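Below, each chain spelled out in residue letters.
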Amino acid sequence: MTITDRYSARDIVVLEGLEAVRRRPSMYIGSTGPRGLHHLVWEVVDNAIDEAMAGHCTRIDVVLQADGSVRVSDDGRGIPVGLHRQTKMSALTTVLTVLHAGGKFEKGSYQVSGGLHGVGVSVVNALSERLDAEVRREGRIWTQSFEKGQPLGNVQRGRKVTRTGTTITFVPDLEIFQETRKLSYATVASRLRELAYLNRSLQILLTDARVSPARTESFQYQGGIQDFVAHLNRNNDAVNRRQIVVEDQDEEAELEVALQWTTGYQENVLSFVNNISTVEGGTHEEGFRRALTKVTNDFGRAKNLIKEKDSNLTGEDVREGLTAVLSVRVKNPQFEGQTKTKLGNTEIRSYVEKALNRALPEWLEKHSPEARAIVTKALGASKAREAARKARELTRRKSLLESTSLPGKLVDCSSRDPSESELFIVEGNSAAGPAKQARDSHIQAILPIRGKILNVERARLGKALMNKEVRSIITAVGTGIGEEFDIEKCRYHKLVLLTDADVDGSHIRTLLLTLLFRNMRGLLERGYVYVAQPPLYRVKRGAKVIYLKNDQELEDFRRKHPKINPTRFKGLGEMNPDELWETTMNPKTRTLLKVQIDSSAAASETGELFRTLMGNDVAARREFIRTNASDIRFLDV
């Protein structure tokens with residue numbers, strides 16, 4: 001792919017004006033909550049990343065400032081400031097005030113780009129109380145300021161400088177972001193780290209000036225996605241010590257992929273197009289999977305590891321324990337839907353498949369001992385898959401909806417409308433009794449589970465399906481699991497995890513979330529999963545009864561009312577049905593925490609969280625809990 005240095009005011013193309021962004025912000029950034037707030041940062045950073053992909057930027061600085069503003073600075077070419085032929089304004093003003101204005105629509109300005117819709121920085125401007133732009137270009141500093149998207153004056157020419165680049169400083173508007181204006185350092189750091197891995201040698205510095213002393217991290221990786229895979233597998237045992245690395249390019253696209261298998265059972269394939277995380281996959285993933293399955297089977301047959309009488313390994317077998325990062329850069333990517341999470345270019349499927357069909361056999365032949373270990377790992381997965389198939393059949397035969405022989409049997413609701421139906425997965429039979437009596441039988445179903453279910457992070461699916469409690473949950477929900485998962489078959493649009501408000505209850509809740517994330521992830525993506533908030537304490541003040549959810553609420557209450565004698569619930573079973581209904585199950589008075597995968601977070605962050613919390617590395621888990629114990633919100637998935 002060739003890179004052009006031509007980038008001027010003539011390259012800025014206007015498609016339409018900037019209207020209604022402040023009136024309907026969610027249409028442009030997804031929400032006005034934390035997700036949308038972080039999206040503002042991504043939009044500005046992505047412009048700098050595009051300069052890096054074009055070969056004009058080596059360093060990006062992101063500062064979370066004490067006054068709530070964010071400053072993003074790069075050493076790229078600088079946004080053009082000349083007069084725009086169509087708008088008759090400076091190109092800088094045009095880019096910041098006109099929706100769909102940007103160099104990414106004009107051929108020649110950028111070969112590849114992430115922000116192809118071109119709405120980015122203008123939307124950030126529209127949703128900011130104030131935005132200050134500083135451009136270093138043409139030997140001068142050029143500045144312009146805005147309030148709520150409106151320029152406060154013309155572009156000002158300043159002193160002479162020798163370097164180039166762009167600095168954008170913005171303050172999110174409190175009128176828009178009423179829920180919170182506080183950015184999560186962990187979320188921003190994860191995304192910037194990911195971008196640094198995807199752009200080899202690019203230096204990204206993140207500074208949090210909201211704390212004293214200020215905290216700064218530098219992300220720069222000479223190994224690129226190889227370092228990314230090493231980071232993801234840092235707490236796992238590798239099957240192939242040397243990663244498989246493939247790089248390829250032609251006139252229309254570039255490909256980078258790094259692969260390494262571990263002794264674990266979870267597949268962890270992260271794919272990207274022009275630095276955009278394609279969480280729904282697409283044609284590049286299809287080509288990758290086809291080639292990987294074919295080449296592994298061909299090698300296994302050639303070395304007589306797969307016997308003539310045996311069936312071929314499936315893609316699922318081959319990818320068990322695989323950690324891979326697949327990054328493609330495409331001139332004209334076509335994404336399915338507005339979310340940009342699934343690539344649709346059909347030509348990329350064949351491009352990736354052909355590139356890997358050439359490179360992978362060569363690596364396997366050159367590193368035969370490790371290649372044999374990879375095939376042996378897949379053969380073990382194949383045997384486990386057959387066991388899982390038999391367990392699935394057992395699950396179907398012993399459906400909770402048809403049998404009363406299973407422990408922890410379902411007490412269903414009378415409604416058959418999933419949109420109003422709720423399933424409470426309740427810890428223990430002692431708690432199930434009050435829950436059954438308290439519930440609204442029309443819309444609320446109760447499924448008791450006994451103790452701690454199997455940790456599916458450390459077990460193959462076949463073993464998980466032999467666990468009666470796991471089978472009970474799967475059959476009650478109705479969606480199936482894994483590749484058979486179908487969200488449209490979900491019988492309840494609210495799955496409420498109801499566990500004791502203690503350490504054991506938290507552990508059971510995490511085990512349940514791990515099961516859902518690994519095998520029924522669509523429930524989390526749709527926002528169907530909730531965590532109940534039962535109280536831990538009861539306080540009587542005269543005739544009034546007050547319920548407190550945790551030790552912090554008790555401490556806060558004690559400061560205002562020192563002379564109290566609280567009663568601590570040892571478990572849900574100690575609550576009578578009226579108390580459980582009033583505090584935890586009544587839709588009008590209860591508090592539920594929605595558990596949803598955060599699309600604003602880095603693609604690798606959620607899976608890594610489960611591996612750390614539920615995997616085999618005790619030291620990593622201890623360090624994570626020590627580091628994040630004071631920030632409970634960070635543990636939300």
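Everything here concerns the structure above.
Anyway, here's the lowdown on the structure attached to this text. (Residues numbered from 1 in each chain as written. Predicted model: local features only at pLDDT ≥ 70, side-chain atom pairs only at ≥ 80, totals over all residues. Heavy atoms only, no water.)

Attention shifts here to the overall build of the protein chain. In terms of helices and strands, the protein chain carries 19 helices and 24 strands. Taking all 637 residues of the protein chain together, the buried fraction comes to 54%. Sequence-distant contacts in the protein chain: of pairs separated by 6 or more residues, those separated by 24 or more amount to 70%. Surface summary for the protein chain: the accessible area is close to 29200 Å², and the carbon and sulfur share equals 46%. (Helix = DSSP H or I, 4+ residues; strand = E, 2+ residues; numbered from the N terminus. Buried < 20%, exposed > 50% of the residue type's maximum accessible area, 1.4 Å probe, protein only. Contact = heavy atoms within 4.5 Å. Areas by Shrake-Rupley, 256 points an atom, 1.4 Å probe, with all protein chains shown as cover.)

Residue serine 212 is joined to proline 213 through a cis peptide bond whose omega torsion reads -5°. Among the structural elements, proline 213 can be located in the loop between strand E10 (203-208) and strand E11 (215-219). For lysine 88, which is not glycine, the phi torsion reads 65° and is therefore positive. The exposure class assigned to lysine 88 is exposed, which follows from its relative accessible area of 60%. Backbone geometry at asparagine 274 places phi at a positive 50°, although glycine is not the residue there. The residue asparagine 274 is located in the loop between strand E14 (268-273) and strand E15 (276-277) in this model.

In this structure, Ile60, Phe170, Leu192 and Leu206 are the most contacted members of the largest nonpolar core, which totals 60 residues. With ten residues, the top contributor of residues to this core is helix H2 (residues 34-53). Residues within four places of isoleucine 60 in sequence aside, it is in contact with Ala48, Ile49, Val72, Ser73, Asp74, Leu202, Gln203, Ile204 and Leu205. Membership of the second largest hydrophobic core comes to 39 residues, among which are Leu410, Ile449, Ile474 and Ile597. (Core = buried A, V, L, I, M, F, W, Y, C linked by side-chain atoms within 4.5 Å.)

This part covers the pattern of salt bridges. Applying the stated criterion across every chain yields a total of 38 salt bridges. For glutamate 267, the salt bridge identified is with arginine 319, shortest N-O distance 3.1 Å. Here glutamate 267 is found in the loop between strand E13 (253-261) and E14, whereas its partner arginine 319 is found in the loop between helix H8 (315-318) and strand E16 (322-330), with 52 residues between them in sequence. For glutamate 267, a relative accessible area of 31% translates into the label partly exposed. In this structure arginine 319 comes out as buried when scored by relative accessible area, which is 6%. With a closest N to O distance of 3.3 Å, arginine 559 and glutamate 555 form a salt bridge. Taken as a pair, arginine 559 and glutamate 555 lie in helix H16 (residues 551-560) at a separation of four residues, close to a single helical turn. (Salt bridge = Lys/Arg side-chain N within 4 Å of Asp/Glu carboxyl O.)

Taken N-terminus to C-terminus, the directions of H2 and helix H5 (residues 185-198) make an angle of 20°; their axes are 11 Å apart at the nearest point. By the angle between their axes, H2 is roughly parallel relative to H5. For the pair H2 and H5, the sense of crossing is right-handed. Contact with H2, carried on its side by His38, Trp42, Val45, Asp46 and Ile49, involves Thr187, Val188, Arg191, Leu192 and Leu195 of H5 and no other residues of that element. Of the residues belonging to the contact of H2 with H5, the class tally is six nonpolar, two polar and two charged. (Axes fitted to C-alpha atoms, helices over the stretch in contact; angles between N-to-C directions. Parallel < 35°, antiparallel > 145°, perpendicular 65-115°, else oblique. Left-handed = near helix turned anticlockwise from the far one by under 90°. Nonpolar A, V, L, I, M, F, W, Y, C, P; charged D, E, K, R; others polar.)

A separate point is the environment of valine 411. Along the polypeptide, valine 411 turns up in the loop between helix H10 (368-397) and strand E17 (422-427). Taking the C-alpha atoms as reference points, valine 411 and leucine 423, twelve residues apart in sequence, are found 9.4 Å from one another. Valine 411 has contacts with Lys436, Arg439, Ala445 and Ile446, leaving out every residue within four places of it along the chain.

Our next topic: the pairing of strand E8 (residues 156-160). When you tally the buried positions in E8, you get zero out of five residues, a small fraction of the element. For strand E6 (residues 140-147) and E8, the ladder comprises three bridges, and the chain directions are antiparallel. Bridging from a neighbouring strand, arginine 140 pairs with lysine 160 of E8. (Pairing = 2+ DSSP bridges.)

Turning our eyes to something else, we now look at the sheet that holds strand E18 (residues 444-449). Here five strands make up an open sheet; going across it, the order is E18-E17-E19-E20-E24 and the pairing mixed. The open sheet terminates on both sides in strands that have one partner only, identified here as E18 and strand E24 (592-595). Sheet twist, expressed as the mean angle between neighbouring strand axes with direction ignored, is 25°. Of the strand pairs in this sheet, strand E19 (residues 494-498) and strand E20 (residues 529-532) are connected by three bridges, and their pairing is parallel. Opposite leucine 497, over in E20, you have valine 531 as the bridge partner. Sheet strands touched by helix H11 (residues 429-438): E17 and E18. Its angle to E18, the strand with the most contacts, is close to 170°. The sheet contacts of helix H17 (residues 577-585) involve E17, E18, E19 and E20, and relative to E18 the element is tilted by about 105°.

Attention now goes to the side chain of serine 31. Residue position: serine 31 is located in the loop between helix H1 (26-29) and H2. At 3.2 Å, the side chain of serine 31 and the backbone nitrogen of glycine 33 are in polar contact. Within the structure, the side chain of serine 31 is placed 3.2 Å from the backbone nitrogen of glycine 36, a separation counted as a polar contact. In this view, serine 31 contacts Ser26, Gly36 and Phe177; residues no more than four positions away in its chain are not counted. (Polar contact = N/O pair within 3.5 Å; in protein donor to acceptor, adjacent residues only side chain to side chain.)

On the surface, a cluster of negative charge is made up of Asp250, Glu251, Glu252 and Glu347. By secondary structure assignment, the location of glutamate 251 is in the loop between strand E12 (244-249) and E13. (Patch = residues over 30% accessible without salt bridge, like charges linked within 9 Å, V, L, I, M, F, W, Y side chains within 5 Å. Lys, Arg positive; Asp, Glu negative; His and termini not counted. Charge placed at Lys NZ, Arg CZ, Asp CG, Glu CD.)

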